[in-house]
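Breakdown of the fold
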Amino acid sequence: MNQQLPSDDELIPRLLAHDETAYTQVVSAYHGLMVHLARAIVGPAIADEVAQEAWLAVIRALPRFERRSSLKTWILRIVSNTAKTRLRHESRTVSLEDAPASRANTDPSQFNASGRWASPPTVWHADTPDDLLASQELRTCIDAALRTLPPLQRAALTLRDMQGLNMESICKVLEVSESNGRVLLHRARNRVHAAIEEFYQR
DNA sequence: TGATTAGATGTTGCGTATGC
DNA sequence: GCATACGCAACATCTAATCA
């Protein structure tokens, strides 16, 4: 992922100079990830909207970017803040059930090359029609487990195991301490693993 | 090449806050 | 009061780098 993306040192001055090519490069590199993170926090119904809001915030805030973290981490942090703000402003909980069944969090196009899930789960043991059916059901089961996670746990799991971010970046994005980030991730994994075990015991 | 070391990551236990 | 989520700290484990 992002193999062709120039370094932050090169990108940031170009972005500040309103270089359209640079904007295009950044958007194509990070928009999918932003939507994925937004979806993890606010659910799929308004994830695109949150990502759009975050882009506006990024453009507005770029001149004040202090480069205390990478551009990517900074952008994701803005997404996280935008999503959390949006979540607070929503008078009711966003219905995660609005997600297209079984596709909410495991769209193969959203897995990067360095992520833990480099291949879509659909290929897991899908040697026969029965296996294929089971893998589809497993994916539905995992998606359901993800949807029941608290937003921070889901975001931590999404960023770590699906997007391959390191713990430092994740904690910056989610604005939690490193120890708490680790705990969030561990608890999220526990719950998803429990759901998978339950699936196999059926 | 094997031992050592440091940093990153994972695990666990316990306390606190919050909503029902 | 109870269940749940979050936060912190301490400890365990893994991994890559370094060195003899």
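Quantities reported herein were computed from a predicted structural model and do not represent experimental measurements.

Focus on the overall build of chain A
Counting secondary structure elements, chain A contains 8 helices and 0 strands. Secondary structure elements of chain A occur, N-terminal to C-terminal, as α-α-α-α-α-α-α-α. Across the 202 residues in chain A, those meeting the buried criterion constitute 46%. Pairs at least 24 apart in sequence give 69% of the contacts found in chain A among residues at least 6 apart. For chain A, the computed accessible surface area is about 10,700 Å², with 50% contributed by carbon and sulfur atoms.

Here we look at the packing of helix H1 (residues 8-16) against helix H2 (residues 20-42)
Two elements in contact, H1 and H2, have axes whose closest approach is 8 Å; the angle formed by their N-to-C orientations is 125°. Here H2 runs oblique to H1, going by the angle between their axes. Regarding H1 and H2, the two cross each other, and that crossing is left-handed. For the pair H1 and H2, contact is made by Leu11, Arg14 and Leu15 and by Thr21, Ala22, Tyr23, Gln25 and Val26, respectively. For the contact of H1 with H2, the per-class residue count stands at 5 nonpolar, 2 polar and 1 charged.

Quick word on the protein's contact with DNA strand C
Neighbouring residues of DNA strand C: Pro150, Leu152, Gln153, Val176, Ser177, Ser179, Asn180, Val183, Leu184, Arg187 and Arg191. Backbone sugar and phosphate groups make up 52% of those atoms of DNA strand C lying within 4 Å of the protein. A distance of 3.2 Å separates a phosphate oxygen of DNA strand C from a polar side-chain atom of glutamine 153. Arginine 187 places a polar side-chain atom, nitrogen or oxygen, 2.4 Å from a base oxygen of DNA strand C. Of all the secondary structure elements, the ones that give two or more residues to the surface near DNA strand C are helix H6 (151-162) and helix H8 (178-201). Among the elements that take part in the surface near DNA strand C, H8 stands out by supplying 6 residues, more than any other. Grouping the amino acids of the surface near DNA strand C by side-chain chemistry returns 5 nonpolar, 4 polar and 2 charged.

The rules behind the values
Residues numbered from 1 in each chain as written. Chains lettered and ligands numbered in written order. Predicted model: local features only at pLDDT ≥ 70, side-chain atom pairs only at ≥ 80, totals over all residues. Heavy atoms only, no water. Helix = DSSP H or I, 4+ residues; strand = E, 2+ residues; numbered from the N terminus. Buried < 20%, exposed > 50% of the residue type's maximum accessible area, 1.4 Å probe, protein only. Contact = heavy atoms within 4.5 Å. Areas by Shrake-Rupley, 256 points an atom, 1.4 Å probe, with all protein chains shown as cover. Axes fitted to C-alpha atoms, helices over the stretch in contact; angles between N-to-C directions. Parallel < 35°, antiparallel > 145°, perpendicular 65-115°, else oblique. Left-handed = near helix turned anticlockwise from the far one by under 90°. Nonpolar A, V, L, I, M, F, W, Y, C, P; charged D, E, K, R; others polar. Near = heavy atom within 4 Å. Polar contact = N/O pair within 3.5 Å; in protein donor to acceptor, adjacent residues only side chain to side chain.

It is worth stressing that arrangement in space is one thing and function is another; only the former is reported here.
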